[in-house]
Amino acid sequence: MDVIRLAELRDSPLSVDEVLAAVADPGAGGTALFVGTVRDEDHRRAVAGLSYSAHPSAVDVLRTVLEKVAAEFPLRAIAAVHRVGDLEIGDLAVVVAAACPHRAEAFAACRTLIDDLKSQVPIWKHQLFTDGGDEWVGAE
């Protein structure tokens, strides 16, 4: 069975339960989960909302990131889903999870996954501020 259980971009709300179910595995003694949410402030500026857009290659790059993490850690299962489109404060922007035989491996794999996703997958964030300003943020 493939350890990569979920690798998607979606324009609909994300589900923590779906990602946890995707990585459920009887051989996993530890599952680590990271949930990224839209916050109401960035660099001391009030955020009104934001929009994520992605390059057409983003899902392929996401799968490559998952494959790299799978090669580096003793994973039983791994999953990542990122939202695109318009989001409001409190919405889930990204959910990733890693299931491994032991907790330390699960934490390390999950941390590597979210860090690599943010630095390598071509997803851009357009923040809208309550003062009328806006800002584009690179690979998110």
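Residues numbered from 1 in each chain as written. Predicted model: local features only at pLDDT ≥ 70, side-chain atom pairs only at ≥ 80, totals over all residues. Heavy atoms only, no water.

*Asks:* I tried to follow the packing of aromatic side chains on my own but got confused; where do I start?
*Replies:* Describing an aromatic ring pair means giving the distance of the ring centres and the angle of the ring planes. The full count for this structure, using the stated rule, is zero aromatic pairs. The positively charged end of Arg45 is found above the aromatic ring belonging to Phe129, 3.9 Å away from the centroid. (Phe/Tyr/Trp six-rings, centres within 6.5 Å; stacked < 30°, edge-to-face > 60°. Lys NZ or Arg CZ within 6 Å of the ring centre and 35° of its normal.)

*Asks:* How should I be thinking about the side chain of Thr112 in this particular structure?
*Replies:* Tracing the sequence through the fold places Thr112 in helix α3 (residues 103-120). Taking the relative accessible area as the measure of exposure, Thr112 reaches 17% and is therefore buried. Contact partners of Thr112, with chain neighbours within four places excluded, come to Lys68, Val69, Glu72 and Phe73. (Helix = DSSP H or I, 4+ residues; strand = E, 2+ residues; numbered from the N terminus. Buried < 20%, exposed > 50% of the residue type's maximum accessible area, 1.4 Å probe, protein only. Contact = heavy atoms within 4.5 Å.)

*Asks:* Please explain the environment of Gly27 as it appears in this structure.
*Replies:* Mapped onto the elements of the fold, Gly27 is located in the loop between α1 (16-23) and β2 (30-37). The spatial distance from the C-alpha of Gly27 to the C-alpha of Pro56 is 35 Å, given a sequence separation of 29 residues. Those residues in contact with Gly27 that lie beyond four places of it in its chain are Arg76, Cys100 and Pro101.

*Asks:* I'm lost on the pairing of strand β5 (residues 77-83) in this one. Help?
*Replies:* Side-chain positions along a regular strand alternate between the two faces of the sheet. Most of β5 is tucked away, with seven of its seven residues classed as buried. On β5, burial covers both faces: Ala77, Ala79, Val81 and Arg83 on one face and Ile78, Ala80 and His82 on the other are all buried. Pairing of β5 with strand β7 (residues 92-100), which is carried by six bridges, proceeds in the antiparallel orientation. Paired with Ala79 across the bridge in β7 is Ala97. (Pairing = 2+ DSSP bridges.)

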